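Summary of structural features
Chain residues, written in single-letter form:
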Amino acid sequence: MIMDREKLTAGAFAESIGVAQATISHILGPRNKYPSTEVILRLHQRYNDINLEWLLTGQGEMSNTPSDSDSSIESGFDYPLFAENSVNPSKETGPAENRKEIALETPVNATKEIVKQEIIYKERSPRKITEIRIFFDDNTYETFKPEK
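Residues numbered from 1 in each chain as written. Predicted model: local features only at pLDDT ≥ 70, side-chain atom pairs only at ≥ 80, totals over all residues. Heavy atoms only, no water.

**Description of the packing of helix H2 (residues 10-17) against helix H4 (residues 37-46)**
Relative placement of two packed helices is described by the angle separating their axes and the distance separating the axes. Under the convention used in this document: To define axes, lines are fitted to C-alpha atoms, for helices over the stretch in contact only, and angles between the resulting N-to-C directions are given on a 0 to 180 degree scale. Strands are runs of DSSP state E lasting at least two residues, helices are runs of H or I lasting at least four, and both sets are numbered from the N terminus onward. Orientation labels follow simple angle bins: below 35 degrees gives roughly parallel, above 145 gives roughly antiparallel, 65 to 115 gives roughly perpendicular, and whatever is left gives oblique. Residue contacts follow a heavy-atom distance rule, with two residues in contact if any of their heavy atoms lie within 4.5 Å.
Two numbers describe how H2 lies on H4: the axes approach to 8 Å, and their chain directions differ by 85 degrees. It follows that H2 is roughly perpendicular to H4 by the angle criterion. Contacts between H2 and H4 pair Phe13, Ser16 and Ile17 from the former with Val39, Arg42, Leu43 and Arg46 from the latter.

Printed below as a string of structure tokens:
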């Protein structure tokens, strides 16, 4: 209804409220009937004359300004936002579901402990060869020892 009022295509409307065009396509399509809260808030920020209660619940007038409410009736926008219609019929038959929003806790940045690493090089006396053994495939071996 807002796109019709503003005479915008889905792409131009998506750009005007700062969402991806695919987001608007999903909302307009038959599967996803309701927009996310983020989309509603972006829409309300861009078009602040739109009644937020109407955006959230579909009840009341579309516009907060009285002059626009008369033009919305003339334009054929006198039905609620979430009304049943032939394009997007509701298949729900159960009771209405109320969802609670839970505030996120503010993240606590844990202080990182600074780790200092110290490398100590110890000098060793040079190693000396004391014995060499050679093993053969017939299970024998020879031992060689260097002369001192």
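**Thoughts on the pattern of salt bridges**
To be explicit about the condition: Salt bridge, as used here: a side-chain nitrogen of Lys or Arg that lies within 4 Å of a carboxyl oxygen of Asp or Glu. Only protein chains enter the calculation, and the probe is 1.4 Å; a residue is then buried if its accessible area is under 20% of its type maximum, exposed if over 50%, and partly exposed in between.
Enumeration over the complete set of coordinates arrives at five salt bridges. For Arg5, the salt bridge goes to Asp49, with nearest N and O atoms at 2.7 Å. Pair noted here: Arg5 is in helix H1 (residues 2-6) and Asp49 is in the loop between H4 and helix H5 (52-57), with a separation of 44 residues, a long-range link. Overall, Arg5 belongs to the partly exposed group, its relative accessible area being 26%. Measuring nitrogen to oxygen at the nearest pair gives 2.7 Å for the salt bridge that ties Arg133 to Glu131. Take Arg133: its relative accessible area is 45%, and that puts it in the partly exposed class. In the salt-bridge network here, residues are joined through shared partners; they are Arg5, Glu6 and Asp49.

**A short note on the side chain of Asn51**
You can see Asn51 is positioned in the loop between H4 and H5. You can call Asn51 buried: its relative accessible area is 15%. Excluding residues that lie within four positions of it along the chain, Asn51 makes contacts with Glu61, Met62, Ser63 and Asn64.

Distances and angles like these do not, on their own, reveal function.
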